[in-house]
Amino acid sequence: MKFLRLSSILLFSALIAAFLATPITTISYSIWLVSLDMPMTLGLFIDSLIHDWLNLGVVLLLLFLIGFLIAFLITALIRKYFKVTFFSESMSYGIAGASTIFLILYLTVELIFQTQMIGGNRYMIGFLAHICAGFVGGYFFGTFLKKV
């Protein structure tokens, strides 16, 4: 039963991070289109956002789920064996989530011939917003881990 609860918390934390990270790409592309004098209406933006949540969001969810699994296991081992006390448990997992997203974004560029596959990652503000989404997902995991 505990395994099922941990798995569902992990899934929800990756889902939160992917849900928050997906609009970053939509906003980035919308700004780019407006800069080219392309018409951007609210309806078009919402359609693009829904399209990105259904397509890009699934890919990000899978990437974040695998990354969070590895990062949260390492964080649990570090907290157990090294008795980390200067960070709360929630903050530790938040930092692990942010670090995971940073590593995912960095490696997707480096391993795919310097190609930005995630559009919101092209600008520094988008890069930082993705990392913040990872922190929120990790913080969620750490907060609800206490309740298991």
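Computed from a prediction, not measured in an experiment: that's the story for all the values here. (Residues numbered from 1 in each chain as written. Predicted model: local features only at pLDDT ≥ 70, side-chain atom pairs only at ≥ 80, totals over all residues. Heavy atoms only, no water.)

> Mind showing me how you'd approach unusual backbone geometry here?
Negative phi values dominate among residues other than glycine, just as trans dominates among peptide bonds. Backbone geometry at Asp37 places phi at a positive 60°, although glycine is not the residue there. For Asp37, the position within the fold is in the loop between helix H1 (2-35) and helix H2 (42-82). Asp37 sits in the exposed class, given a relative accessible area of 71%. (Helix = DSSP H or I, 4+ residues; strand = E, 2+ residues; numbered from the N terminus. Buried < 20%, exposed > 50% of the residue type's maximum accessible area, 1.4 Å probe, protein only.)

> Any chance you could explain the packing of aromatic side chains here in plain terms?
How two aromatic rings sit relative to each other is given by the distance of their centres and the angle of their planes. The full count for this structure, using the stated rule, is 10 aromatic pairs. Relative to Tyr93, the ring of Phe72 lies with its centre 5.5 Å away and its plane at 85°, an arrangement referred to as edge-to-face. You can see Phe72 sitting in helix H2 and its partner Tyr93 sitting in helix H3 (residues 89-111), a full 21 residues away along the chain. We note that Phe72, like Tyr93, is buried. In textbook terms, an aromatic cluster arises when at least three aromatic residues are bridged by ring pairs, as seen for Phe64, Phe68, Phe72, Tyr93 and Phe141. (Phe/Tyr/Trp six-rings, centres within 6.5 Å; stacked < 30°, edge-to-face > 60°.)

> I would appreciate a short explanation of the packing of H1 against H2 in the present structure.
Each pair of packed helices can be described by the angle between their axes along with the distance between the axes. Between H1 and H2, the shortest axis-to-axis distance is 6 Å and the interhelical angle comes to 135°. Put simply, H1 runs oblique to H2. Crossing angle aside, the handedness with which H1 passes H2 is right-handed. Considering only residue class, the contact of H1 with H2 consists of 21 nonpolar, 7 polar and 1 charged. (Axes fitted to C-alpha atoms, helices over the stretch in contact; angles between N-to-C directions. Parallel < 35°, antiparallel > 145°, perpendicular 65-115°, else oblique. Left-handed = near helix turned anticlockwise from the far one by under 90°. Nonpolar A, V, L, I, M, F, W, Y, C, P; charged D, E, K, R; others polar.)

> What should I look at first to understand a nonpolar patch on the surface in this one?
On the surface, Ile66, Leu69, Ile70, Leu73, Ile74, Leu77, Ile78, Tyr81 and Phe82 cluster together to form a nonpolar patch covering roughly 950 Å² of accessible area. Mapped onto the elements of the fold, Ile74 is located in helix H2. Of the residues examined, Ile74 reaches a relative accessible area of 44% and is grouped as partly exposed. (Patch = residues over 30% accessible without salt bridge, like charges linked within 9 Å, V, L, I, M, F, W, Y side chains within 5 Å. Areas by Shrake-Rupley, 256 points an atom, 1.4 Å probe, with all protein chains shown as cover. Salt bridge = Lys/Arg side-chain N within 4 Å of Asp/Glu carboxyl O.)

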